Amino acid sequence: MSTTTTPTTSKHGLQRRGRQQQGPRVQGPQKRGNRRVEPIFYLFLVPSLILFTLAITVPGIIGIFFSFTDSIGIGDWKFIGLTNYIAIFSDPAILQSYLFTFGFSIVTVIAVNVIAFLLAVGLTARIRMKTALRTIFVIPMVVSGIIIAYVFNFLFSNSLPSLGAATGIPWLESSLLANPDLAWIAIVLVTAWQAVPGALLIYIAGLVAVPGDVYEAAEIDGASKFQQLVKITLPLVAGYVVINIILGFKGFLNAYDIIVGLTNGGPGTSTRSIAMTVIAGFNGGDYAYQMANATIFFVVAILISLVQLSLTRGRNAL
């Protein structure tokens, strides 16, 4: 009679086989809180932070403090509380500068973004000499604003009136810069001429990032070029549009050099911006009063920045 024996496995053999079947252990991700900051980061951060604090933060805090005084910039002063701030809201010159600055900024933002977007669509299409044309359109961005303003000042004040007299066009014989009701148009034209290239580059980056398969599918479905522009291109570059509008508006609120070169705030004070009003007050002895104006303008800029953050949060356009 034969007997069959059942093979036995030791306890240690089962443990070794179990470890082999489980495979190597994978360590989980390390906690970010345990990462040590390299000292080289502080070497770059601390000097920049000190310079920014001494050049921007400290003077800003000092200026805000003096906005509650009657200081003229030098000499003795005394604390007067909110008197400067109350006076600003009843000053027609200050209110006019805010009205002009915001109106000019809104019109210029619309003009710049419409022109830049249309140019970007054309410069990303299948046309010849795209690279050369992009280079040409970007040139105004690298020229100083004050130089551009003086060149256009000569054109508006001399060249165009001479052309109007020679051709017999009455409305062209007088300079736009001399008309208090139309001088802002010249400022918008020159500012847009310089600002379009920056917005153009952002729009080109957005249009290039759009997949070509989307347009091919739209063409197969029978969509026209206009329908593709409205229903495909605009929604896909909406983040770039928002960024251009916010950055442009914030930049135009600080308009100074082009206005100085074109009209110097005139005729009268019809084209005086907020920045021009503040600087003119500093030179005229209204230091504390204009510091209150600058503080209000700073608060407005902060509010616009908060709007920018809320509109661009969650967008991966750039």
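Conventions we followed
Residues numbered from 1 in each chain as written. Predicted model: local features only at pLDDT ≥ 70, side-chain atom pairs only at ≥ 80, totals over all residues. Heavy atoms only, no water. Helix = DSSP H or I, 4+ residues; strand = E, 2+ residues; numbered from the N terminus. Buried < 20%, exposed > 50% of the residue type's maximum accessible area, 1.4 Å probe, protein only. Contact = heavy atoms within 4.5 Å. Axes fitted to C-alpha atoms, helices over the stretch in contact; angles between N-to-C directions. Parallel < 35°, antiparallel > 145°, perpendicular 65-115°, else oblique. Left-handed = near helix turned anticlockwise from the far one by under 90°. Phe/Tyr/Trp six-rings, centres within 6.5 Å; stacked < 30°, edge-to-face > 60°. 1 Å grid on protein atoms, 1.4 Å probe; cavity = no way out; pocket = protein on both sides within 12 Å on 5 of 7 lines; lining within 4 Å. Points joined across faces, edges and corners; volume = space filled by probe spheres on them. Nonpolar A, V, L, I, M, F, W, Y, C, P; charged D, E, K, R; others polar. Expected span 1.5 Å × (residues − 1). Bend = angle between axes of the 7 residues up to and from the residue. Salt bridge = Lys/Arg side-chain N within 4 Å of Asp/Glu carboxyl O.

> Please set out the side chain of S105 residue by residue, giving values where relevant.
Position of S105 relative to the elements: it lies in helix α4 (residues 92-123). Given the relative accessible area of 0%, S105 is considered buried. Among residues more than four places away in sequence, those in contact with S105 are F249, F252 and L253.

> Explain the packing of α4 against helix α8 (residues 183-208) to me, and be specific about the residues and the numbers.
Here α4 crosses α8 at 45°, and the two axes come no closer than 6 Å. With respect to α8, the axis of α4 lies oblique. Regarding α4 and α8, the two cross each other, and that crossing is right-handed.

> Outline the packing of aromatic side chains, supporting the account with residue identities and numerical values.
By the definition in use, this model includes 14 aromatic pairs. A ring pair is formed by F68 and Y85, whose centres lie 5.2 Å apart and whose planes are at 40°; its orientation type is tilted. A residue pair is termed long-range when its members are at least 10 positions apart, and F68 in the loop between α2 (39-66) and α3 (83-88) and Y85 in helix α3 qualify at 17 residues. Judged by relative accessible area, which is 23%, F68 ranks as partly exposed. Measuring from ring centre to ring centre gives 5.5 Å for F282 and Y287, while their planes differ by 40°; the resulting arrangement is tilted. By relative accessible area, which is 32% here, F282 ends up partly exposed. Taking relative accessible area as the criterion, Y287 reaches 21% and is therefore assigned partly exposed. One aromatic cluster in this structure is built from F65, F66, W77, F282 and Y287.

> A description of the layout of surface pockets should follow, citing residues and the corresponding values.
Roughly 600 Å³ of internal volume is contained in the largest pocket. In terms of lining, the largest pocket is formed by 16 residues, of which the most central are T124, A125, Y215, K225 and Q228. Of all the secondary-structure elements, those providing two or more residues to the lining of the largest pocket are α8, α9 (212-220) and α10 (225-236). Classifying every residue of the lining of the largest pocket gives eight nonpolar, four polar and four charged. Its volume calculated, the second largest pocket comes out at about 260 Å³. Around the second largest pocket, the lining residues are I56, P59, G60, I61, I64, M291, A294, T295 and F298. Contributing elements (two or more residues each) for the lining of the second largest pocket: α2 and α14 (287-312). For the lining of the second largest pocket, the leading source of residues is α2, giving five residues.

> Tell me what's going on with helix α6 (residues 145-167), and back it up with residues and numbers.
Counted at 1.5 Å a residue, the expected span for α6 with its 23 residues is 33 Å, and the 31 Å between its end C-alpha atoms agrees. At L155, α6 shows its strongest bend, of approximately 35°. Within α6, burial applies to G145, I148, A149, F152, N153, F156, P161 and G164. Contacts made by the buried residues of α6 are with α7 (170-173), α8 and α12 (257-262). Count one or two residues on from α6 and you reach G168, which has phi positive near 75°.

> An account of the pattern of salt bridges is needed here, citing residue identities and associated values.
Oppositely charged side chains are able to pair whenever their charged atoms sit close together. Scanning all chains against the criterion turns up one salt bridge. One salt bridge in this structure joins K225 and E219, with 3.2 Å as the shortest N-O distance. For K225, a relative accessible area of 61% gives the class exposed.

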